[in-house]
Amino acid sequence: MTANLQLGNSDLSIFPLVLGGNVFGFSADRDTSFRVLDAYAAGGGNLIDTADSYSAWAPGNVGGESETIIGEWLADRRPEGVHVATKVAQHPDFSGLAPDNVRRAAEASLQRLQLDTIDLYYAHKDDPEVELAEVVSTFDALVKEGKVRTIGLSNFTPERTLEWLRIAEETGAAKPVALQPHYNLVHRNEVEEQLIPVAAEQGLSLLPYFGLAAGFLTGKYRSTEDTGGGSKRAGGAAKYATEQGLAIIDALESIGNDHGASIASTALAWLRQQPTVLGPIASASKQEQVADLLASAKLELSDDEIAQLNAVSEWTPTN
């Protein structure tokens, strides 16, 4: 049984693979989403990551579809020990981090999720139009009222992360315990050079999104031709199908074969074993994809294997 890990300095204990909810109500309908959630929970998973804006981008959607499906699943299944993370700032009706907007968005999320408390509530992106002290105070009030258990920051710069922490320290407000950056084997440098040192110093846990690089790190796309047929997600993966990107896939496949593991499991295992990373976020639009995600949580790569993947994915900017 894979051991759960402490989220920052909170009292939450998290399975080291977080299930992404961005596909629920988008590429996975309600019934399929229920099967994916069932499989994740059955395998020991206990943190579902969503946002109030998922999936407003899909034709006919307005935002909140993912939260609604998760809420219906929670109400129907009543799973023990399963936690939910959601986010505020990008829903079409609740854009930004103005205090009244954050409060109304949180209430709407709680209603859709059919919960009394959001376990992990992220500021989905920074909002330079609002004084950060006001944002910190608003999130703190939600914690004190019991509507939010812990706080996270997504897509924040290291500087703004430190500023939030400074304000919280000075005012006695609840501090963030988690950061959610874009981080994977084909998108490394910014996080490793700037954010991980802050997380390590401040005792914050990283829960990275795009752990599989829009599906590229599953090995499904072996050339740019493989992505020409259609979906937005496939198009996103196409940009990684470079000579170096394909070399990363080859290395993942070779190392994975030595462990009897898939390319996807191996890529997520590498990410999980990076400093300050508690667990990657990965989504599944089909039930049969969940096993590879869960397998990554118990796959331990050797130091040599980590070094091999580090070397093949190393990126140096051109001057």
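Identification of the chain as Alcohol dehydrogenase from Parenemella sanctibonifatiensis is taken from an unreviewed UniProt entry.

Caption draft 1: Here's a closer look at the overall build of the chain. Each helix and strand in the chain was counted, giving 11 helices and 12 strands. Based on the C-alpha atoms only, the size of the chain along its principal axes is roughly 50 × 45 × 40 Å. When burial is assessed residue by residue, the chain has 53% of its 319 residues classed as buried. Once local pairs closer than 6 in sequence are excluded, the contacts in the chain between residues at least 24 apart make up 76%. When the 24 basic and 44 acidic side-chain charges of the chain are each reduced to a single mean position, those positions are 5 Å apart.

Caption draft 2: Molecular detail of the packing of helix H1 (residues 30-42) against helix H2 (residues 65-77). One way to put it is that H1 packs onto H2 with a least axis distance of 10 Å and a crossing angle of 60°. With respect to H2, the axis of H1 lies oblique. By crossing handedness, the relation of H1 to H2 is classed as right-handed. Residues Arg30, Ser33, Phe34, Leu37, Asp38 and Ala41 of H1 pack against Ile69, Glu72, Trp73, Asp76 and Arg77 of H2. Residues belonging to the contact of H1 with H2 are distributed by class as follows: 5 nonpolar, 1 polar and 5 charged.

Caption draft 3: Spotlight on the nonpolar core. Of all hydrophobic cores here, the largest spans 100 residues; its most connected members are Phe24, Tyr121, Phe139, Trp164, Leu207 and Leu217. In terms of residue count, the dominant contributor to this core is helix H9 (residues 263-272) (7 residues).

Caption draft 4: Seen up close, unusual backbone geometry. Here the bond from tyrosine 54 into serine 55 is cis, since omega is -5°, no more than 30 degrees from zero. Locating serine 55 in the fold gives a position in the loop between strand S4 (47-49) and H2. Positioned with a positive phi, glutamine 114 is a non-glycine residue whose angle comes to about 55°. Judged by its relative accessible area of 48%, glutamine 114 falls in the partly exposed class.

Caption draft 5: Representation of the pairing of strand S9 (residues 148-154) in the model. For S9, a buried count of 6 out of 7 residues is recorded, marking the element as mostly surrounded by other parts of the structure. Where strand S8 (residues 118-123) and S9 come together, 5 bridges link them in parallel fashion. Across the sheet, tyrosine 121 pairs through a bridge with isoleucine 151, a residue of S9. At this point the chain moves from S8, through helix H4 (residues 132-144), to the parallel S9, and the crossover so formed is right-handed. Read from S9 through helix H5 (residues 158-171) to strand S10 (residues 176-180), the crossover connection turns out right-handed.

Caption draft 6: Region of the structure containing helix H3 (residues 99-113). Given a rise of 1.5 Å per residue, 15 residues ought to cover 21 Å, and the 21 Å separating the end C-alpha atoms of H3 matches this to within 8%. All buried positions along H3 are accounted for by Asn101, Val102, Ala105, Ala106, Ala108, Ser109, Leu110, Arg112 and Leu113. Contact partners of the buried residues in H3: H2, strand S5 (83-88), strand S6 (90-91), strand S7 (94-95), S8 and H4. Taken from the residues just after H3, glutamine 114 is the one with a positive phi, measuring 55°.

Caption draft 7: Inspection of the sheet that holds strand S12 (residues 281-282) at higher detail. Strand order in the open sheet formed by 8 strands is S11-S10-S9-S8-S5-S4-S3-S12, and the pairing between neighbours is parallel. Edge positions in the sheet fall to strand S11 (205-206) and S12, since each has one partner strand and no second. Note that strand S3 (residues 18-20) and S4 share 2 bridges and pair parallel. The partner of glycine 20 across the bridge, within S4, is aspartate 49.

Caption draft 8: Just the packing of helix H8 (residues 243-259) against H9, in detail. In contact at an axis separation of 8 Å, H8 and H9 are set at 100° when each is read in the N-to-C sense. In this view, H8 runs roughly perpendicular relative to H9, as classed from their interaxial angle. Between H8, through Ile249, Leu252, Glu253, Ile255 and Gly256, and H9, the contact on the second element is made entirely by Ile263, Thr266 and Ala267.

What counts and how
- Residues numbered from 1 in each chain as written.
- Predicted model: local features only at pLDDT ≥ 70, side-chain atom pairs only at ≥ 80, totals over all residues.
- Heavy atoms only, no water.
- Helix = DSSP H or I, 4+ residues; strand = E, 2+ residues; numbered from the N terminus.
- Buried < 20%, exposed > 50% of the residue type's maximum accessible area, 1.4 Å probe, protein only.
- Contact = heavy atoms within 4.5 Å.
- Lys, Arg positive; Asp, Glu negative; His and termini not counted.
- Charge placed at Lys NZ, Arg CZ, Asp CG, Glu CD.
- Axes fitted to C-alpha atoms, helices over the stretch in contact; angles between N-to-C directions.
- Parallel < 35°, antiparallel > 145°, perpendicular 65-115°, else oblique.
- Left-handed = near helix turned anticlockwise from the far one by under 90°.
- Nonpolar A, V, L, I, M, F, W, Y, C, P; charged D, E, K, R; others polar.
- Core = buried A, V, L, I, M, F, W, Y, C linked by side-chain atoms within 4.5 Å.
- Pairing = 2+ DSSP bridges.
- Right-handed = clockwise from strand over helix to strand, strands pointing away.
- Expected span 1.5 Å × (residues − 1).

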